[in-house]
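An overview of the molecular structure
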Number of protein chains: 2
Amino acid sequence: MFPSAARRVNIKDVAREAGVSPTTVSHALNARGQVDAETRARVEKAAQKLGYRPNRHAQRLRTGEAHMIVLLSSMPFAVAGGPSRLGFMMEIAAVAAAAALDRNLALVLAPPMESGKVPLESLEVDGALVIEPSAGDANLDYLERRGLPAVTIGKPCGVHEAVLHVDIHSRETTRLLLDHLHAQGARKVAMILGSAQRNSYVQARVAYEEFAAEHGQPALLATAEEVQGESGGEEVASALLAAHPDIDAFCIPVDAFAVGAVRAIRLSGRRIPEDVMVATRYDGVRARTCDPPLTAVDLHLDQVAHQAIDLLFDRLRGDTSRQAASGPMAQLVPRQSSARRGSPAQTSGTPTQNG
Amino acid sequence: MFPSAARRVNIKDVAREAGVSPTTVSHALNARGQVDAETRARVEKAAQKLGYRPNRHAQRLRTGEAHMIVLLSSMPFAVAGGPSRLGFMMEIAAVAAAAALDRNLALVLAPPMESGKVPLESLEVDGALVIEPSAGDANLDYLERRGLPAVTIGKPCGVHEAVLHVDIHSRETTRLLLDHLHAQGARKVAMILGSAQRNSYVQARVAYEEFAAEHGQPALLATAEEVQGESGGEEVASALLAAHPDIDAFCIPVDAFAVGAVRAIRLSGRRIPEDVMVATRYDGVRARTCDPPLTAVDLHLDQVAHQAIDLLFDRLRGDTSRQAASGPMAQLVPRQSSARRGSPAQTSGTPTQNG
């Protein structure tokens, strides 16, 4: 019913380490039977040293206790700690947590840690959701070693290609934004991506290169470090504008970079949207409260979250029939940052997902 | 080290029910030793029937496994499911989850359920954070019965008055908003509150009545049902304006109600802020993307979340020295909805908390 776990420390290992019988270990760790204080201390020390854990999954199954899943993001704290990717993660978290509880799954939130790595090994989880993992994602590596099922939101890439996932169609979403900018009159569209290895960036690049080739424009693509956040976007946009003064639009999926680019465009003396238009991806606080408000897309993250929980739940029940789910197609949310053609400037208000 | 739990079903009860020895129960439930399939099934059935759970707290202590805490909100889904209180809860969740992980606590997210009650009994939690509980909050009742420590964000009221809490100073925050409206020229300020029994409403009412008495204006206070969300605020504001046409400002702590009131004010042919000003409390997406953007306060929820985790962590370690923490004072975020006196209209941008 469960993917077989890698060899774990068991009660016999603890018994050997402590020089007692397995029954004594059990009694000591479960506060049952007669175990003197000194022996108990020795057993506890051995258990901690070896990293022994009772088999929670089996216990939970037998007692009807909720299974525990964790929601992870692979974005660095510098990006996810701001109003940007945090919104993305939290929007998924809110819906996924409720959907999980409906299926007797408890969702533990593991936001990117300022202190670095998420201490996954001390969470006795039964499975995980991972938001847009990068290639070689350390959390996915850990889950795989432990034989724990994971579902990624956004296709995984690199060695994790085969992981269960909800496809959020990053290529099509990018194309939607690019086509919108073209329809609004843009003829020289530049793109800024993060420099990490993420499937969404790979897909965005493919869509952009196709778009550029079709429209006979050069591919003006640059990358910024995710950890630099807004200032990364500002720097790169500034350099692009200096090198290619006729750029008339930016397609920048990472909203923190997009907000930084708005600053660079203004500093260069250009107007938005009259001289240069801007479009981003996630329709969060950053896009909505930017001046001017940014054109973005509704990713229907509520549906995506439900699909991810369904996939993980199936796998936890032993149903291995599905390897992936196809998420909903994104929907354009046009705003002032791309309203060059006299389309009504929407300064606020959004479609369904947060309605 | 832990508040004593109410009498729970133990392994002997299960043994009696299944007609086997306690050791057999242990072996059956922990997949150890020699237990035939039929006996195992009988034990599992007995455990499920009686609602038996192993003592997770003891196990977690002995193995170094993360303790599990849950974040609860007592707002109905209709309000919390929207962009409003969800933002409040999620803002706390993001910070609290990271602070919790740093202390080897796993934070489980329990957003208000569309299906009704949060299934707390199947989560084997060691403690809880509860956001602004109402009087007689069912979750707090449950936690108390189980002897589990809880920390509320916002002072609890009614029978739960003695619960650990972080005081978020609702009275002072309300006064801050009222004084701001007065300074901007308002002379007849109305207030709309939710009809539930919450300490924040009680405190807001006290502050408002004091304010009204001091300024010799009548107390124009009405309540709306939380479950009605924006339309509740619209209806009540509309009735207040009809009964008191000279109202020149609204102080409406619930942002959903405030957005509804903006609609009612507009529909009555009045301008905001020229004829009627509006101020709300939580500085979330709703306040920021309203047209016009709403004056609100920065509640410093990041600090509040850290304080709540610290209190709960102390209690889990057996430190009972503190009963409460005093949260930071809120800070005014003036926006266009109250910018009558030619103060610069801030249409976006906010202070620290999400920066």
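Residues numbered from 1 in each chain as written. Chains lettered and ligands numbered in written order. Predicted model: local features only at pLDDT ≥ 70, side-chain atom pairs only at ≥ 80, totals over all residues. Heavy atoms only, no water.

A closer look at the packing of aromatic side chains
Residue and element names in this part refer to chain B.
- Counted according to the given criterion, the structure contains two aromatic pairs over all chains.
- When the centroid spacing of 5.3 Å and the interplanar angle of 65° are considered together, the rings of phenylalanine 88 and tyrosine 282 count as edge-to-face. Placement of the pair is phenylalanine 88 in helix H6 (residues 85-102) and tyrosine 282 in strand S9 (residues 277-282), with a sequence separation of 194 residues. The two residues phenylalanine 88 and tyrosine 282 agree in class, both being buried. (Phe/Tyr/Trp six-rings, centres within 6.5 Å; stacked < 30°, edge-to-face > 60°. Helix = DSSP H or I, 4+ residues; strand = E, 2+ residues; numbered from the N terminus. Buried < 20%, exposed > 50% of the residue type's maximum accessible area, 1.4 Å probe, protein only.)

Topic: the pairing of strand S1 (residues 67-73) of chain A
Residues and elements named next belong to chain A.
- Most of S1 is tucked away: seven of the seven residues are buried.
- In S1, alternate side chains face the same way, and those of His67, Ile69, Leu71 and Ser73 on one face and Met68, Val70 and Leu72 on the other are all buried.
- The pairing of S1 with strand S2 (residues 105-110) spans six bridges and is parallel. Paired with histidine 67 across the two strands is leucine 105, which belongs to S2.
- As defined by bridge partners, S1 adjoins strand S3 (residues 127-131) across five bridges and the pair is classed as parallel. (Pairing = 2+ DSSP bridges.)

A short note on the side chain of Ser73(B)
All names here are of chain B.
- Relative to the helices and strands, serine 73 resides in strand S1 (residues 67-73).
- Relative accessible area serves as the criterion here: at 7%, serine 73 is assigned to the buried category.
- Apart from residues no more than four positions distant in its own chain, serine 73 is found in contact with Met89, Ala110, Pro112, Ile131 and Asn139. (Contact = heavy atoms within 4.5 Å.)

Focus: the nonpolar core
- Counting residues in each nonpolar core, the largest one holds 158 residues, and the members touching the most others are Leu107(A), Leu109(A), Phe250(A), Leu107(B), Leu109(B) and Phe250(B).
- Setting aside anything within four residues of it in sequence, one finds Leu109(A) in contact with Leu71(A), Met89(A), Met90(A), Ala93(A), Ala93(B), Ala94(B), Ala97(B), Leu101(B), Leu107(B) and Leu109(B).
- Counting 44 residues, the second-largest nonpolar core is a separate cluster that includes Ala66(A), Ala106(A), Tyr142(A) and Ala110(B). (Core = buried A, V, L, I, M, F, W, Y, C linked by side-chain atoms within 4.5 Å.)

Points about the pattern of salt bridges
Residue and element names in this part refer to chain A.
- Applying the stated criterion to the full structure yields 36 salt bridges over all chains.
- Here lysine 49 and glutamate 17 are joined by a salt bridge, their closest N and O atoms 2.8 Å apart. Linking lysine 49 in helix H3 (residues 37-50) with glutamate 17 in helix H1 (residues 11-18), this pair joins segments that are 32 residues apart in sequence.
- Taking the relative accessible area as the measure of exposure, lysine 49 reaches 61% and is therefore exposed.
- In this structure glutamate 17 comes out as partly exposed when scored by relative accessible area, which is 38%.
- Between aspartate 310 and arginine 103 there is a salt bridge, with its nearest N and O atoms 2.8 Å apart. Taken as a pair, aspartate 310 in helix H13 (residues 301-316) and arginine 103 in the loop between helix H6 (85-102) and S2 lie far apart in primary sequence, 207 residues in all.
- By relative accessible area, which is 24% here, arginine 103 ends up partly exposed. (Salt bridge = Lys/Arg side-chain N within 4 Å of Asp/Glu carboxyl O.)

Some details on the environment of Ala243(A)
- Among the structural elements, Ala243(A) can be located in helix H10 (residues 229-243).
- Sequence separation between Ala243(A) and Val166(A) is 77 residues, and the spatial gap between their C-alpha atoms is 38 Å.

With respect to the sheet that holds strand S7 (residues 220-224) of chain A
All names here are of chain A.
- Taken in spatial order, the six strands of this open sheet run S7-S6-S8-S9-S10-S12, and their pairing is mixed. With one partner strand each, in any of the chains shown, S7 and strand S12 (331-333) form the two edges of the open sheet. Strand-to-strand twist of the sheet, defined as the mean angle between neighbouring strand axes without regard to direction, takes the value 25°.
- Contacting strand S6 (189-194), S7 and strand S9 (277-282), helix H9 (residues 199-214) runs over the sheet at an angle of about 165° to S6. (Axes fitted to C-alpha atoms, helices over the stretch in contact; angles between N-to-C directions.)

Some thoughts on the environment of Leu105(B)
Residue and element names in this part refer to chain B.
- Residue position: leucine 105 is located in strand S2 (residues 105-110).
- According to the relative accessible area criterion, leucine 105 is buried, its value standing at 2%.
- Look past the residues within four positions of leucine 105 in its chain and what remains in contact with it is His67, Ile69, Ala100, Phe313 and Leu316.

Notes on helix H13 (residues 301-316) of chain B
All names here are of chain B.
- Over its 16 residues, H13 runs 22 Å from end to end, which matches the ideal 22 Å to within 8%, given 1.5 Å per residue.
- Along H13, the positions that sit buried rather than exposed are Leu301, Val304, Ala305, Ala308, Ile309, Leu311, Leu312, Asp314, Arg315 and Leu316.
- Directly beyond the C-terminal end of H13, a positive phi value near 95° is found at glycine 318. (Expected span 1.5 Å × (residues − 1).)

A closer look at the packing of H1(A) against helix H2 (residues 22-29) of chain A
Residue and element names in this part refer to chain A.
- Closest axis-to-axis distance for the H1/H2 pair is 8 Å, and the angle between their directions is 100°. Between H1 and H2, the interaxial angle falls into the category roughly perpendicular. Of H2, the residues touching H1 (which contributes Ile11, Lys12, Val14 and Ala15) are Pro22, Val25 and Ser26.
- Its residues assigned to classes, the contact of H1 with H2 shows five nonpolar, one polar and one charged. (Parallel < 35°, antiparallel > 145°, perpendicular 65-115°, else oblique. Nonpolar A, V, L, I, M, F, W, Y, C, P; charged D, E, K, R; others polar.)

Notes on the sheet that holds strand S7 (residues 220-224) of chain B
All names here are of chain B.
- Strand order in this open sheet of six strands is S7-S6-S8-S9-S10-S12, and the pairing throughout is mixed. Only two strands of the sheet have a single neighbouring strand rather than two, namely S7 and strand S12 (331-333). Pairs of neighbouring strands in the sheet enclose a mean axial angle of 25°, with direction left out of account.
- The pairing of strand S6 (residues 189-194) with strand S8 (residues 249-251) spans three bridges and is parallel. When the sheet's bridge partners are listed, methionine 191 is paired in S8 with cysteine 251.
- Across the sheet, helix H10 (residues 229-243) is in contact with S6, S7 and S8; its angle to S7 comes to roughly 155°.
- Where helix H11 (residues 255-267) meets the sheet, its contacts fall on S6, S7, S8 and S9, and the angle it forms with S9 comes to roughly 165°.

Read these as spatial facts, not as claims about activity.
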